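Tertiary structure, described
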Amino acid sequence: QVELSESGGGLVQAGGSLRISCAASGIIFATYVMGWYRQAPGKERELVALITAGSSTTYAESVKGRFTISRDNGKNTIYLQMNELKSEDTAVYYCYAVRTAVAQYPHLGSWGQGTQVTVSS
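This write-up is about the structure you can find in this document. (Residues numbered from 1 in each chain as written. Predicted model: local features only at pLDDT ≥ 70, side-chain atom pairs only at ≥ 80, totals over all residues. Heavy atoms only, no water.)

A few points about the environment of tyrosine 79
Put simply, the test is: Counting from the N terminus, the helices are DSSP H or I runs at least four residues long and the strands are E runs at least two residues long. Any pair of residues with heavy atoms lying within 4.5 Å of one another is described as a contacting pair.
Locating tyrosine 79 in the fold gives a position in strand E8 (residues 77-82). Taking C-alpha positions, tyrosine 79 is 7.9 Å from threonine 68, a pair spaced 11 residues apart along the chain. Here tyrosine 79 is in contact with Arg19, Ile20, Ser21, Trp36, Thr68, Ile69, Ser70 and Asp72, once residues within four sequence places are set aside.

Structure representation (structure tokens):
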């Protein structure tokens with residue numbers, strides 16, 4: 001029974017920073033690949049960043065160098081530190097979790113409810 005709870009979204013001016021969090025429960029957190037996706041109005045949901053159980057990371061080209069994903073296994077939480085925010089970063093940000101053993105099948109993963117990030121210009 002996976003539960004993912006995002007927090008930390010809000011309104012920020014372009015060029016600013018924001019840190020969002022996702023707390024997971026109902027899983028053996030340390031065995032999961034975790035990630036952040038986002039969906040802007042009129043656009044498809046897209047990958048922002050992934051972090052494996054071994055803390056390897058992957059970033060979308062559009063956020064590389066600006067965003068950092070991290071995990072704290074002791075707190076069952078992942079974070080997305082977002083710096084140098086741009087208006088095009090405005091989206092609902094969703095937490096994603098999938099067990100490493102079935103990560104080849106992303107449809108088996110779980111989603112949070114999302115947190116709104118709005119970047120004003």
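Re the sheet that holds strand E1 (residues 3-7)
How we decide: Here the rule is simple: two strands pair whenever DSSP picks up at least two bridges between them. Axis lines are fitted to C-alpha atoms, over the contacting stretch for helices. Their N-to-C directions set the angle, which ranges from 0 to 180 degrees.
Strand order in the open sheet formed by 4 strands is E1-E3-E8-E7, and the pairing between neighbours is antiparallel. Across the chains shown, the open sheet's two edge strands, defined by having one partner strand only, are E1 and strand E7 (67-72). Across the sheet, the axes of successive neighbouring strands diverge by a mean angle of 15°, strand direction being ignored. Examined bridge by bridge, E1 and strand E3 (residues 18-25) share 5 bridges and lie antiparallel to one another.

Topic: the nonpolar core
For the record, the criterion: Throughout, nonpolar core names a set of buried Ala, Val, Leu, Ile, Met, Phe, Trp, Tyr and Cys residues whose side chains join them through atoms within 4.5 Å. Exposure categories follow from relative accessible area, calculated using a 1.4 Å probe and restricted to protein chains: below 20% of the type maximum is buried, above 50% is exposed, and the middle band is partly exposed.
Counting residues in each nonpolar core, the largest one holds 30 residues, and the members touching the most others are Met34, Trp36, Leu80, Met82 and Tyr93. Broken down by secondary-structure element, the contributors of at least two residues to this core are E3, strand E4 (32-39), strand E5 (46-51), E7, E8, strand E9 (91-99) and strand E11 (115-120). When residues no more than four places from it in sequence are discounted, the contact partners of leucine 80 are Leu18, Arg19, Ile20, Trp36, Val48, Ala49, Phe67, Thr68, Ile69 and Tyr93.

Some remarks on the environment of threonine 57
Along the chain, threonine 57 falls in strand E6 (residues 57-59). In sequence terms threonine 57 and glycine 26 are 31 residues apart; their C-alpha atoms lie 23 Å from each other. Contact partners of threonine 57, with chain neighbours within four places excluded, come to Leu50, Ile51 and Ile69.

Focus: empty space enclosed by the protein
Basically, it comes down to this: A pocket here means an open set of points on a 1 Å grid, computed over the protein atoms alone, that has protein on both sides within 12 Å along at least five of seven lines. A cavity is instead a set of points where a 1.4 Å probe fits but cannot get out; residues with an atom within 4 Å of a point line either one. Grid points are joined across faces, edges and corners, and a volume is the space filled by probe spheres set on the points. The nonpolar class holds Ala, Val, Leu, Ile, Met, Phe, Trp, Tyr, Cys and Pro. Asp, Glu, Lys and Arg form the charged class, and all remaining residues, Gly among them, are polar.
This structure, assessed with the given rule, holds 1 cavity of 30 Å³ or more. Of the residues that constitute the lining of the largest cavity, the class distribution is 2 nonpolar, 2 polar and 5 charged.

Some remarks on unusual backbone geometry
As a rule of thumb, non-glycine residues mostly have phi less than zero, and peptide bonds are mostly trans rather than cis. Of note, serine 55 is a non-glycine position whose phi angle comes to about 70°, a positive value. Note that serine 55 resides in the loop between E5 and E6. At glutamate 84, a position not held by glycine, the phi torsion is positive, near 50°. Along the chain, glutamate 84 falls in the loop between E8 and E9.

Considering the pairing of E11
Judged by which residues are buried, E11 turns out to be one-sided: Thr115, Val117 and Val119 face inward and are buried, whereas Gln116, Thr118 and Ser120, on the alternate face, are not. Relative to E11, strand E2 (residues 10-13) runs parallel, the two being bridged by 4 bridges. Bridge pairing in E11 places valine 12 opposite valine 119. For E9 and E11, the ladder comprises 3 bridges, and the chain directions are antiparallel. Bridge assignment links valine 92 to a residue of E11, and that residue is glutamine 116.

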